[in-house]
Amino acid sequence: MEESFSFLMQNLSLILLIALASNYFILHFRNRNRELFELIGNEVLINRTNKLQFTLASKKTIPIESVVKIEVHGNRLSLFQNTSNATDVWVQPKHLESEIEKAMKKQKTCLAMQFF
């Protein structure tokens, strides 16, 4: 019993490294084909994908009615809401153009949906 405990303590950093690397690869492969922005009902869902420069802590949803403007600053997309809040999404430069186009299309779709 004591031998297995000492083995575990001696190799703790290696075990933690393997666990963290496994977690990273599982999340990376699970989210690689996912769209950054998704429309779900009356909300815009911002997914964690490999297109992001910085990873979000979790998925984020924003009500469609609250998005009033989308601005681009460098590789940052800012979604402004009517509550004076803004959600910033940093996109990797190689995905920036396509994500800007998708965000603008979704904004137009959202505006059209608000009138019905």
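Residues numbered from 1 in each chain as written. Predicted model: local features only at pLDDT ≥ 70, side-chain atom pairs only at ≥ 80, totals over all residues. Heavy atoms only, no water.

Novice: Even after reading the chapter, I still don't get a nonpolar patch on the surface, so can you show me in this structure?
Specialist: Where nonpolar side chains cluster on the molecular surface, the patch consists of Phe-5, Leu-8, Met-9, Leu-12, Ile-15 and Leu-16 and spans about 540 Å² of accessible area. Where the nonpolar patch is concerned, the elements lending two or more residues are α1 (2-10) and α2 (12-31). Residue position: Met-9 is located in helix α1. (Patch = residues over 30% accessible without salt bridge, like charges linked within 9 Å, V, L, I, M, F, W, Y side chains within 5 Å. Areas by Shrake-Rupley, 256 points an atom, 1.4 Å probe, with all protein chains shown as cover. Salt bridge = Lys/Arg side-chain N within 4 Å of Asp/Glu carboxyl O. Helix = DSSP H or I, 4+ residues; strand = E, 2+ residues; numbered from the N terminus.)

Novice: Just to check I follow, could you spell out the environment of Met-104 for this structure?
Specialist: With respect to the helices and strands, Met-104 occurs in helix α3 (residues 96-114). Under the relative-accessibility criterion, Met-104 is labelled partly exposed at 28%. In this structure the C-alpha to C-alpha distance between Met-104 and Glu-71, which are 33 residues apart in sequence, comes to 9.6 Å. (Buried < 20%, exposed > 50% of the residue type's maximum accessible area, 1.4 Å probe, protein only.)

Novice: Would you mind going over the sheet that holds strand β2 (residues 43-46) with me for this structure?
Specialist: The pairing of strands in a sheet happens through backbone hydrogen bonds and is either parallel or antiparallel. Pairing within the open sheet is antiparallel, and its three strands lie in the order β1-β2-β3. Both edges of this open sheet fall to β1 (37-40) and β3 (60-63), since each of them pairs with a single strand only. Strand-to-strand twist across the sheet, computed as the mean angle between neighbouring axes with direction ignored, equals 30°. Sheet topology places β2 next to β3; four bridges connect them, and they run antiparallel. Note that in β3 the partner of Ile-46 across the bridge is Lys-60. (Pairing = 2+ DSSP bridges. Axes fitted to C-alpha atoms, helices over the stretch in contact; angles between N-to-C directions.)

Novice: Would you mind going over the sheet that holds strand β5 (residues 76-81) with me for this structure?
Specialist: Ordered in space as β4-β5-β6, the three strands form an open sheet in which the pairing is antiparallel. The sheet is open, and its two borders are formed by β4 (67-73) and β6 (86-90), each paired with just one other strand. Neighbouring strand axes in the sheet, compared pairwise and without regard to direction, differ in orientation by 20° on average. Inspection of the sheet shows β5 paired to β6 by five bridges, in the antiparallel sense. Among the inter-strand pairings, Ser-78 is bridged to a residue of β6, identified as Asp-88.

Novice: Looking at this model, I keep getting lost on the pattern of salt bridges. Mind explaining?
Specialist: Think of it this way: side chains of opposite charge can pair up when their charged atoms draw near. Under the counting rule described, the total for this entry stands at two salt bridges. In this structure, the salt-bridge partner of Arg-76 is Asp-88, at a minimum N-O distance of 3.9 Å. Of this pair, Arg-76 sits in strand β5 while Asp-88 is found in strand β6, placing the two residues twelve residues apart along the sequence. Using a relative accessible area of 24% as the deciding quantity, one classes Arg-76 as partly exposed.

Novice: Can you walk me through the side chain of Thr-87 in this structure?
Specialist: Its place among the elements puts Thr-87 in strand β6. A polar atom in the side chain of Thr-87 sits 3.4 Å from the side chain of Gln-81. Not counting residues up to four positions away in its chain, the partners in contact with Thr-87 are Ile-46, Lys-60, Ile-62, Leu-77, Ser-78, Leu-79 and Gln-81. (Polar contact = N/O pair within 3.5 Å; in protein donor to acceptor, adjacent residues only side chain to side chain. Contact = heavy atoms within 4.5 Å.)

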